[in-house]
Structures are given as structure tokens and as C-alpha cells.
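Observations on the three-dimensional arrangement
Below are the chains, spelled out letter by letter.
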Amino acid sequence: MSKIVDQITQVAAPIVREAGCELWDVEYIKEAGAWFLRVYIDREAGVSIDDCERVSRALDPKLDELDLIPGQYTFEVSSAGAERQLKRPQDFMRFMGHLVEVRLYRPAFGTKEHLGTLTAYTDGDVTLEVAGEPRQFVKNDIAMVKLRIA
């Protein structure tokens, strides 16, 4: 993680918790020449627009006060989404047994994209059950893993 993302994560986590949500992810990225700070939240019952607004209204003045990001950026708070990316070990543990998509940097088993049931996660390595057969993918070969809705 970048220093800015780490700092924003530390600031945002308690504010998101106070709003009754969980901090899913923080992104600070440049798109089409503009910088975006995105805070993704989650909630057991699902995230509403009111949740996003509540977090945004509480976090925005704190970010302005701390001035952690030089220059201009667009700030957004949004739901992690139904087909969210899994990044942290706890994400994988939480969604064990769910349908996921694994995208690879180079083909394995004949393709770069694999859809199956998440059956194991060990130190970044991911195992899926695909058509009744296990397929293991090594951490360094994995570009992304995300939940999929059947």
C-alpha cells in the first residue's frame, strides 16, 4: 500500500465504524489525468446511499483538516459492491465456499480467467474447485480475485 492509502485507512477506519459500517478498501489512483480517493465500505445488511453519505460527511472535513494529500483530488465513498475484489486474507476467509473469478497474468489450465468455488487460501495462493476438480494458483501469478454472482 502507498503511504497515502495507509494514512487514509488509519483515519477512515474509526469514522466508518462509527457509521455502523466496515472499511473494505481505500484507493488513491490517477484516472484520465485526475486523482481519485475512493473509500469502499461494507455492511452486513448491505450499504445504502445514506451510509455512503454519512461516511462522506464525517470523513471529508477530517481529510481537509489533516491535509494528507497534496493537490486536488475527487473524494468518493461507495459500497464495496456485490462483485468486489478480494485482497486481504480475511476477505478470502470470509468468502470461502463462494463463487469467485481468478484472473492471471499468464494462462494456466489453458486460460487467464477461471471461475469456480473458493476452497482454500494459503499465504496468497488460491485454490478453486472448477468442474469438480481443484485448481491451485500461486500468488505471484494472480492479477486479481473477485466475488462473482452466479
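Note: the structure precedes this text.
Since this is a predicted model, take the numbers as computed values, not measurements. (Residues numbered from 1 in each chain as written. Predicted model: local features only at pLDDT ≥ 70, side-chain atom pairs only at ≥ 80, totals over all residues. Heavy atoms only, no water.)

1. Comments concerning helix α1 (residues 3-18)
Between its first and last C-alpha, α1 extends 24 Å over 16 residues, near the 22 Å set by a 1.5 Å rise per residue. A12 marks where α1 bends most, by close to 30°; the proline P14 follows one to four residues later. Among the residues of α1, those classed as buried are I4, V5, I8, V11, A12, A13, I15 and V16. In this structure, the buried residues of α1 make contact with β1 (22-31), β2 (34-42) and α2 (49-66). Immediately beyond the C-terminal end of α1, within one or two residues, lies G20, with a positive phi of roughly 80°. (Helix = DSSP H or I, 4+ residues; strand = E, 2+ residues; numbered from the N terminus. Expected span 1.5 Å × (residues − 1). Bend = angle between axes of the 7 residues up to and from the residue. Buried < 20%, exposed > 50% of the residue type's maximum accessible area, 1.4 Å probe, protein only. Contact = heavy atoms within 4.5 Å.)

2. Quick notes on the sheet that holds strand β3 (residues 74-79)
The strands making up a sheet are joined through hydrogen bonds of the backbone, oriented either antiparallel or parallel. The sheet built from three strands is open, its strands ordered β1-β2-β3 with mixed pairing. Of all the strands in the sheet, the pair left with one neighbour each is β1 and β3. If you compare each strand with its neighbour and ignore which way they point, the axes differ by 20° on average. Strands in contact with α1 are β1 and β2; relative to β1, the strand with the most contacts, it is inclined by about 145°. (Pairing = 2+ DSSP bridges. Axes fitted to C-alpha atoms, helices over the stretch in contact; angles between N-to-C directions.)

3. Looking at α2
The end-to-end C-alpha distance of α2, which contains 18 residues, comes to 25 Å, matching closely the 26 Å that a straight helix rising 1.5 Å per residue would cover. The set of residues buried in α2 consists of D51, C52, V55, L59 and L63. Buried-residue contacts for α2 involve α1, β2 and β3. Of the residues that open α2, the one with a side-chain oxygen 3.3 Å from the backbone nitrogen of D50 is S48. (Polar contact = N/O pair within 3.5 Å; in protein donor to acceptor, adjacent residues only side chain to side chain.)

4. Focus: unusual backbone geometry
In this model, F109 sits at a positive phi of 55°, which is unusual for a non-glycine residue. With respect to the secondary-structure elements, F109 resides in the loop between β4 (99-108) and β5 (111-122). Residue D123 is not a glycine yet carries a positive backbone phi of 50°. Relative to the elements of secondary structure, D123 occurs in the loop between β5 and β6 (125-130). Judged by relative accessible area, D123 falls into the exposed class, the value being 70%.

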